[in-house]
Amino acid sequence: MAQPNHRYGGHRDLEAVIDMDHPEKPTAKGGSRFSFTGGLEFTSLTYTVVKKQRGVGGEWEKKDVDLLHEITGYAPKGCVTAVMGPSGAGKSTFLDALAGRISSLDGRVALDGVEMSPSVIKRSSAYVMQDDRLFPMLTVYETLLFAADFRLGSAVSPSDKKLRVDNLIEQLGLTTSRNTYIGDEGTRGVSGGERRRVSIGVDIIHGPALLFLDEPTSGLDSTSAHSVIEKVHDIACAGSTVVLTIHQPSSRILQLLDHLIILARGQLMYSGGPKEVTAHLGRMGRKVPKGENSIEHLLDVIQEYDQSEFGVNALAEFCLTGLKPRKLAAEGISTVSSIPPTPVGPGGEDFDHSLRSQHSKSPWSGAQFTPSRRPKKDQSGKSQNPPSLSPGIHRYGPEIVMGTPTPLSSISVYTVNEADYLSPAQRASATGAPGVGINALGHRGKFANSYAAEVWVLMRRNFTNIWRTPELFLSRLMVLTVMGFLMATMFTKPKDNTQGITNRLSFFIFTVCVFFFSSNDAVPAFIQERFIFIRETSHNAYRASAYVVAGVITYLPFLLLQSAAYALITWWAIGLHGQFVYFLVMLYASLLSTNSFVVFISSIVPNFILGYAAVIAFTALFFLFCGYFVDSQSIPQGWKWMNTVSTMKYPYEGLLMNEFGGTRIFSSNPPLDGNAILENLTISVHKDRKWRMVLYLLGWAVFYRVLFYLVLRFASKNKRK
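Residues numbered from 1 in each chain as written. Predicted model: local features only at pLDDT ≥ 70, side-chain atom pairs only at ≥ 80, totals over all residues. Heavy atoms only, no water.

Peer 1: Break down the nonpolar core for me, citing the residues and quoting the values.
Peer 2: Grouped together as the largest cluster of nonpolar side chains are 115 residues, with contacts concentrated most on Phe94, Phe212, Phe507 and Phe583. Looking at this core element by element, the count peaks at 14 residues for helix H20 (residues 580–604). Dropping the residues within four chain positions of it, phenylalanine 94 is found in contact with Phe42, Leu45, Leu68, Ile71, Val83, Ile261 and Leu263. By size, the runner-up hydrophobic cluster in this structure holds 61 residues, among which are Ala148, Ile204, Leu220 and Leu256. (Core = buried A, V, L, I, M, F, W, Y, C linked by side-chain atoms within 4.5 Å. Buried < 20%, exposed > 50% of the residue type's maximum accessible area, 1.4 Å probe, protein only. Helix = DSSP H or I, 4+ residues; strand = E, 2+ residues; numbered from the N terminus. Contact = heavy atoms within 4.5 Å.)

Rendered as structure tokens:
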């Protein structure tokens, strides 16, 4: 097959250009000759979903719909690859496919010639979501420092982490907002552009080989958007493979984009450099009007074909095979192009030179052309022919060296450099013993930290957030304190008669309800952190179990403080009997179980409204079946299981056992001792039984935490099915 005649079609031409532009650069034998890397390569990416559509007869029927259809191409290393296209083109779906976020994806993704599974992509890449999900009460410095603790692990000393964060803040242009809170709707913080750069910094702190960004300029003004893309371009120049989706880039942003992938209806419309779009349109038979942007004109052409009888399939065929699409008349009637289509051989070897250069790479790609067709499969599903790329797509040649710097990163003045983040000792170690702790793809093991280190970092972050937002726990403390004073004044020293017994029963059931309802404000706790958790765990920042354990440990002292405040106020004021320690322990266990239940509910509901509705509904059911309205022996057989699962039953019965257990007389007319009262309520009179209630309640707390973990581990994944 003949080599492409594009100026930069092969390595020799590109090397000649580089040597001509930079004659002072010595050769490899002299120590500085440029080598080439491939970057990210994807072949025949297809994502099919089942959708319900109305058939000819008006009946609903299921059909397979391709959201992505056999997309083949590349994203060169050291360059910014922008994925563009009209609304509904499949840009975000395509980005998810490259990032390993689609479980049922058909196709192949490789980095530097090494095929990568979704799990490997997950470890070696970073994904910046469209929405900036950050803790609002952390400063810019604290946010990046916690990210460094999660991503770099214990192998990097705290001083080196701080040095790395300081350098990253400077390189991202965040020096002036270093100690500013991230902020949210209720707290003034950094600007939108600064927030986006912080989100990027969180994901690049560990030097990922791949960086994916979903609409990084969304919601930003022109200046902020340009600043963000400028920093992204600097990251690419440092040697990372950067792929981003963007909707309508300005002319200044277009100058920072090195490679374009244009999609429509899930199909590839164009792949190549921004400056080659004009030639691509010319070969299509569409001239760019004077003064109009060529990329915008191509999008207009795509829109015209999409609304025609041919659809975008004609343009996809042109991109894949070079078969010129039919022209569209001004009246909307399609006509056959006056230029005959170029014949295509079985392997694409009969393409003329103009078609060969149709999808020629950008000057910095250094790739070779080889023909391609979708491999045919036999009945067993195995490929009969090895997959290869069409003349319009590129495959990396054997001379590509994995792990070497790209020409662009070598000759460009870039800002963010991986070595800038390392201490002198680390830099010497990295150059003296390359690959220690990091494999050829640039990622470490599955988790950077040990389990204990993850829990410790999460706890420190939790305590920092609680200290900055004290209303989260102070509100519960104030509620229980006020309720304690209210109960102490209403039920002070009840008399030993039937009314006194009723007052004591009312106090205990109200106490159980107050402690259950006081944890309802935990509903938004995880809902607010859900997207942060998904973003951080999607790239193995920490384990889901470590998140659960750290949350439990963080809550323990605050829940104990709340229980103690209520117990100290009410115990002596009301004149309760039994053991004060048991009273305090039961209240504490009640808060633990209730908090675990509410957090579990918050993990399975999509929003606050459904969360509160679910908690209120379950609270009513637990209250109904706790044994206060109908004792456990009188509950219908079909509903006894509700009495067992009601977490209000155990503190209610346990507190009554502690209060009435024994032979003390609580009423002289008629004479009733404590055991008689418990028997009338069908509650056990055995002294050891009350401590079992504590164990049962703690068991439910553990059970709901386990369910919470299972939801986090297997259901809270940002991955398409």
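What follows continues from the structure just given.
Peer 1: Lay out empty space enclosed by the protein in plain terms, naming residues and giving numbers.
Peer 2: Inspection of the entire model under this criterion finds 7 cavities of 30 Å³ or more. Approximately 80 Å³ is the volume attributed to the second largest cavity. Broken down by secondary-structure element, the contributors of at least two residues to the lining of the second largest cavity are helix H4 (140–152) and helix H18 (523–537). Among the residues forming the lining of the second largest cavity, the class breakdown is 7 nonpolar, 1 polar and 4 charged. (1 Å grid on protein atoms, 1.4 Å probe; cavity = no way out; pocket = protein on both sides within 12 Å on 5 of 7 lines; lining within 4 Å. Points joined across faces, edges and corners; volume = space filled by probe spheres on them. Nonpolar A, V, L, I, M, F, W, Y, C, P; charged D, E, K, R; others polar.)

Peer 1: Report on unusual backbone geometry, specifying residues and quantitative values.
Peer 2: Going from asparagine 669 to proline 670, the amide bond is cis rather than trans, its omega being -5 degrees. Along the chain, proline 670 turns up in the loop between strand E15 (665–668) and strand E16 (671–673). Even without glycine at this site, serine 44 takes up a positive phi of about 50 degrees. Here serine 44 is to be found in strand E1 (residues 39–54). Although it is not a glycine, threonine 682 sits at a positive phi angle of roughly 55 degrees.

Peer 1: Now, about the sheet that holds strand E8 (residues 241–245): what can you tell me, with residues and values included?
Peer 2: Strand order in the open sheet formed by 6 strands is E6-E7-E8-E3-E9-E10, and the pairing between neighbours is mixed. Looking along the sheet, the strands with just one partner apiece sit at the ends: strand E6 (125–128) and strand E10 (267–272). Within the sheet, the average angular offset between the axes of one strand and its neighbour, ignoring direction, is 15 degrees. Two elements, strand E7 (residues 210–214) and E8, share 5 bridges in a ladder whose sense is parallel. Within the sheet, the bridge partner assigned to phenylalanine 212 lies in E8 and is valine 243. Here helix H6 (residues 192–204) sits on the sheet in contact with E6 and E7, set at roughly 160 degrees to E6. (Pairing = 2+ DSSP bridges. Axes fitted to C-alpha atoms, helices over the stretch in contact; angles between N-to-C directions.)

Peer 1: Which residues make up a nonpolar patch on the surface, and what are the values?
Peer 2: On the surface, a cluster of nonpolar side chains totalling about 350 Å² of accessible area is made up of Leu624, Tyr628, Phe629 and Val630. On the secondary structure map, leucine 624 appears in helix H21 (residues 608–624). Residue classification places leucine 624 among the partly exposed residues on the basis of a relative accessible area of 44%. (Patch = residues over 30% accessible without salt bridge, like charges linked within 9 Å, V, L, I, M, F, W, Y side chains within 5 Å. Areas by Shrake-Rupley, 256 points an atom, 1.4 Å probe, with all protein chains shown as cover. Salt bridge = Lys/Arg side-chain N within 4 Å of Asp/Glu carboxyl O.)

Peer 1: Tell me about the packing of aromatic side chains, and please be specific about residues and values.
Peer 2: Applying the stated rule across the entire model yields 33 aromatic pairs. With a centroid separation of 6.4 Å and 65 degrees between ring planes, the pair formed by phenylalanine 491 and phenylalanine 507 is classed as edge-to-face. With a gap of 16 residues between them, phenylalanine 491 in the loop between helix H16 (471–490) and helix H17 (498–517) and phenylalanine 507 in helix H17 connect regions that are remote in the sequence. Per residue, the accessibility class of phenylalanine 491 equals that of phenylalanine 507, and both read buried. Residues tryptophan 571 and phenylalanine 580 carry aromatic rings whose centres are separated by 5.6 Å and whose planes lie at 75 degrees to one another, so their mutual orientation is edge-to-face. The exposure class assigned to tryptophan 571 is buried, which follows from its relative accessible area of 6%. Ring pairing ties together the aromatic residues Phe516, Phe597, Phe600, Phe618, Phe622, Trp700, Phe703 and Tyr704, which thus form one cluster. Cation over ring: arginine 101 sits above tyrosine 127, and NZ or CZ is 3.7 Å from the ring centre. Over the ring of phenylalanine 666 we find arginine 664; its NZ or CZ atom is 4.7 Å from the centre of that ring. (Phe/Tyr/Trp six-rings, centres within 6.5 Å; stacked < 30°, edge-to-face > 60°. Lys NZ or Arg CZ within 6 Å of the ring centre and 35° of its normal.)

Peer 1: Kindly report on helix H7 (residues 222–237), identifying the contributing residues and their values.
Peer 2: Between its first and last C-alpha, H7 extends 22 Å over 16 residues, near the 22 Å set by a 1.5 Å rise per residue. Of all 16 residues that make up H7, 13 are buried, and the element is covered over most of its length. Among the residues of H7, the N-terminal cap falls to aspartate 221, whose side-chain oxygen and the backbone nitrogen of threonine 223 are separated by 3.1 Å. Of the residues flanking the end of H7, it is glycine 239, one or two places downstream, whose phi is positive at about 120 degrees. (Expected span 1.5 Å × (residues − 1). Polar contact = N/O pair within 3.5 Å; in protein donor to acceptor, adjacent residues only side chain to side chain.)

Peer 1: Lay out the packing of H4 against helix H5 (residues 158–171) in plain terms, naming residues and giving numbers.
Peer 2: Two elements in contact, H4 and H5, have axes separated by 10 Å at closest approach and are oriented at 130 degrees. Classified by the interaxial angle, the pair formed by H4 and H5 is oblique. Crossing of H4 against H5: the hand is right-handed. Of H5, the residues touching H4 (which contributes Tyr141, Leu144, Leu145, Ala148, Asp149 and Leu152) are Lys161, Lys162, Arg164, Val165, Asp166, Leu168 and Ile169. (Parallel < 35°, antiparallel > 145°, perpendicular 65-115°, else oblique. Left-handed = near helix turned anticlockwise from the far one by under 90°.)

Peer 1: Before we move on, could you go through the environment of asparagine 658 and cite the residues and values that matter?
Peer 2: Within the secondary structure, asparagine 658 sits in helix H23 (residues 649–660). Overall, the relative accessible area of 4% leaves asparagine 658 in the buried class. In this structure the C-alpha to C-alpha distance between asparagine 658 and lysine 687, which are 29 residues apart in sequence, comes to 8.3 Å. Excluding residues that lie within four positions of it along the chain, asparagine 658 makes contacts with Trp571, His577, Gly578, Gln579, Tyr582, Phe583 and Lys690.

Peer 1: Describe the layout of surface pockets, and please don't skip the residues or the numbers.
Peer 2: Size it by volume and the second largest pocket reaches roughly 1,200 Å³. Along the wall of the second largest pocket there are 38 residues; nearest its centre are Phe135, Pro136, Ala525, Gln528 and Glu529. Broken down by secondary-structure element, the contributors of at least two residues to the lining of the second largest pocket are helix H15 (451–468), H16, H18, helix H19 (544–574) and helix H25 (689–714). By residue number, the principal contributor to the lining of the second largest pocket is H18, which donates 9 residues. Partitioned by chemical class, the residues of the lining of the second largest pocket number 20 nonpolar, 8 polar and 10 charged.

Peer 1: Which residues make up the pattern of salt bridges, and what are the values?
Peer 2: According to the stated counting rule, one finds 15 salt bridges in the structure shown. Residue arginine 133 pairs with aspartate 131 through a salt bridge whose shortest N-O separation is 3.8 Å. On the accessibility criterion, arginine 133 (30% relative accessible area) is partly exposed. Arginine 535 is the partner of glutamate 536 in a salt bridge, and the nearest nitrogen-oxygen pair spans 3.6 Å. Pair check on accessibility: glutamate 536 and arginine 535 agree, each one buried. It is possible to trace a salt-bridge network through shared partners that takes in Asp149, Lys161 and Arg460.

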